[in-house]
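Summary of the model geometry
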Amino acid sequence: MTIAAPQENPVTKSAESVSTGLTVGIPKEVFAGERRVAATPDTARKLQKLGFKVLVETQAGAEANFTDSAYEAAGCGVVADAASLWSAADVVLKVRSPQWHPDLDRHEATLIQPSTTLASFIWPAQNPELLTQMAEQGGTVLAMDSVPRISRAQKLDALSSMANIGGYRAVIEAASHFGRCFTGQITAAGKMPPAKVMVIGVGVAGLAAIGAAKSLGAIVKAFDTRLVVKEQVQSLGAEFLELHFEEDGSGEGGYAKVMSQAFIAAEMALFAQQAKDVDIIITTALIPGKPAPLLITREMVESMKPGSVVVDLAAEQGGNCEVTQPGEVITYNGVTIIGLTDLPSRMAAQASQLYGNNLVHLLSDLGGAEGFAIDMEDQVIRATTVIHNGQVTWPPPKVEAPTPTPRASTAATVTEEALPATKPWYTKLLWPTLIGLACVAIGLWAPASFMTHLTVFVLASFLGWKVIWDVSPSLHTPLMSVTNAISGIIIIGGMLQISNNILSPMTILGAIALFLGTVNIAGGFMVSQRMLNMFHK
């Protein structure tokens, strides 16, 4: 094994001082057109902080613009060939699943040793033969595409990381093949309408596509069978196309599920109608373990305007468009069909950084170099592990939700003696009766002027309570500008009550009213001004 000696630098010395002997290997991807790499110089440093020694195959990051010298500067060792790397590594990190290696003239799966742990995209449902082949070699395999979509595992969710980049890149690819600007413009030479974009499937990729298209100035519409994403679509400024069905498409793990035939017929009619109007269609619909659903038929493509574009993000799983050719960009009836399957790879540097961070979090959860272990009791690790010590462990057992304890059973244990005693009915009339008697007494013996002021006071108190207390808290800020007028009236009233007799009760109350009203007006203007400043650029 030939390893290039790392340069002398503080990072290298620090990595050697914490290394405990476990080695992480980063091989060069052999899949045709794959430009990503499983670790960047930045994520390699993070792996070293976890106690791992990092070896990188020469030219592994070249397609993503990461040179061998950059890895050496990060404290990594550079290995000359893949066979030496696999034999020296305890943990191998890859992007693509093991492939046939043209230089070694053997399959990468045969390089797995019983002590090796491999982490990469595997797609076990689509590659059962590969799963069996790797299991025969022994070792442990972690599938990054099998990470469960729960809150605790978001930092490991490589599918979302790549889908985010794929959705953004889909808009860039569409823009490069579209013959007009996305944003509408009015110039001296003429008027240009904005492009109309429809996104089908509002997962991570769909939301990224919506955000990118809106930022370019397009009119964006979106559709998804899961009604829960409606607010997310609208928050990005797009229009949500909704079918008036009681059926919801939310499936397990945040994915969509297969819908009824009636629902499918209705959505196909909607797509046929929209295809005639929009300029760009971006499809992202996938159902785990099944071929991509057909959403855009040949007839829909033929009905689209010449120069329109369809970007099929599900091309690798068969495609959502009937005329998609995976891996190719074709023109059909004047419409460009983009079936590229390497969209994240076309942004290799950023995609490698995000994927590398996902792998760093995975190895951190596995205990780092010091406590490295596959905990099959951990829900996330168990779901991600497809082969453990040469035994196929996929699919993972289904986690059942705990059964809630019926509230009726606890209520049944409460005896009648424990219930509080019910108060007599006449006690509820005590306070209303006392208040009524007080009002009668005031009406009989109080002067007429006092009754007039009391009536005004009660009505003002009730009006103020209804105006202020019943207003939603979200409206309190704009309400401050309205109450300034009321405070102005209070100030005028307070000024009229002030006299030369400073110690009289009326003068004191007038002064207090004048002070409080002034404070309220000043505060109201300050709050209103602060609110208006939020809308300034």
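Residues numbered from 1 in each chain as written. Predicted model: local features only at pLDDT ≥ 70, side-chain atom pairs only at ≥ 80, totals over all residues. Heavy atoms only, no water.

A closer look at unusual backbone geometry
For clarity, the threshold we go by: Helix and strand assignments come from DSSP, with helices taken as H or I runs of at least 4 residues and strands as E runs of at least 2, each series counted from the N terminus. Remark: exposure states derive from per-residue accessible area (1.4 Å probe, protein chains only) relative to the maximum for the residue type, with buried under 20%, exposed over 50%, and partly exposed in between.
Each neighbour pair has its own omega, and for Trp 394 with Pro 395 the value is 0°, a cis peptide bond. Along the chain, the position of Pro 395 falls in the loop between strand 20 (391-392) and helix 13 (407-412). Despite not being glycine, Gln 59 shows a phi value in the positive range, around 65°. Mapped onto the fold, Gln 59 is located in the loop between strand 3 (53-57) and helix 3 (68-73). Unlike most non-glycine residues, Trp 123 shows phi in positive territory, near 55°. Structurally, Trp 123 can be placed in the loop between strand 8 (117-120) and helix 5 (128-136). Note on Trp 123: relative accessible area 33%, which makes it partly exposed.

Structural notes on the packing of helix 2 (residues 41-49) against helix 11 (residues 348-365)
Heads up, the rule is: Note on geometry: axes are C-alpha line fits, over the in-contact stretch for helices, and angles between N-to-C directions span 0 to 180 degrees. Angles are sorted into four bins: roughly parallel if under 35 degrees, roughly antiparallel if over 145, roughly perpendicular if 65 to 115, and oblique for all others. By the convention used here, residues are in contact when the closest approach between their heavy atoms is within 4.5 Å. Residues are grouped as follows: Ala, Val, Leu, Ile, Met, Phe, Trp, Tyr, Cys and Pro are nonpolar; Asp, Glu, Lys and Arg are charged; all remaining types, including Gly, are polar.
Look at helix 2 against helix 11: their axes get within 9 Å of each other, and the N-to-C directions meet at 10°. The orientation of helix 2 relative to helix 11 falls into the category roughly parallel. Within the contact between the two elements, helix 2 uses Asp 42, Thr 43, Lys 46 and Leu 47 and helix 11 uses Gln 353, Gly 356, Asn 357, Val 360 and Leu 363. Class assignment for the residues of the contact of helix 2 with helix 11 results in three nonpolar, four polar and two charged.

Structural notes on the packing of aromatic side chains
We apply this condition: Ring pairs shown here join Phe, Tyr and Trp side chains whose ring centres sit within 6.5 Å, with only the six-membered ring taken for Trp; geometry is labelled stacked below 30 degrees between planes, edge-to-face above 60, and tilted in between.
Scanning the model with the defined rule gives five aromatic pairs in all. Pairing Phe 52 with Phe 372 gives two aromatic rings, centres 6.3 Å apart and planes at 90°, and the pair type is edge-to-face. You can see Phe 52 sitting in the loop between helix 2 and strand 3 and its partner Phe 372 sitting in the loop between helix 11 and helix 12 (379-384), a full 320 residues away along the chain. Residue classification places Phe 52 among the buried residues on the basis of a relative accessible area of 0%. What makes Phe 372 partly exposed here is its relative accessible area of 22%.

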